[in-house]
Amino acid sequence: IADVLDIPLIGEIPACEQVYRALLDHKSASETKDKPLTKSFERLALRVEGGDAPFETYKVRRKKWFHRVKG
């Protein structure tokens with residue numbers, strides 16, 4: 001999205017099932033017990049305040065070739 005809008009990227013929020021569950025419980029995503037998600041919010045807040053925080057690298061989990069062929 002940042003590339004399309006031609007603006008600098010200030011943060012990434014990983015996809016997480018806990019976010020959906022928190023929303024169903026009328027809680028914010030930052031109230032989840034998911035550590036990577038909580039850390040990503042902390043880094044984003046730090047950058048918004050003008051601080052410097054490294055970007056996290058996430059591993060993409062791909063299905064094994066058999067599961068991709070099988071469907």
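Residues numbered from 1 in each chain as written. Predicted model: local features only at pLDDT ≥ 70, side-chain atom pairs only at ≥ 80, totals over all residues. Heavy atoms only, no water.

Peer 1: Before we move on, can you summarise the overall build of the chain with the specific residues and values?
Peer 2: Across its full length, the chain holds four helices and zero strands. Going through the 71 residues of the chain one by one, you find that 17% of them count as buried. Intrachain contacts of the chain at a sequence separation of at least 6 include 38% that bridge at least 24 residues. Entry remark: accessible area of the chain is about 6600 Å², with carbon and sulfur atoms responsible for 57%. (Helix = DSSP H or I, 4+ residues; strand = E, 2+ residues; numbered from the N terminus. Buried < 20%, exposed > 50% of the residue type's maximum accessible area, 1.4 Å probe, protein only. Contact = heavy atoms within 4.5 Å. Areas by Shrake-Rupley, 256 points an atom, 1.4 Å probe, with all protein chains shown as cover.)

Peer 1: Requested: an account of helix α3 (residues 35–48), with residues and values cited.
Peer 2: Between its terminal C-alpha atoms α3 stretches 20 Å, which fits the 20 Å expected from 14 residues at 1.5 Å a residue. Those residues of α3 hidden inside the fold are in contact with α2 (17–24). (Expected span 1.5 Å × (residues − 1).)

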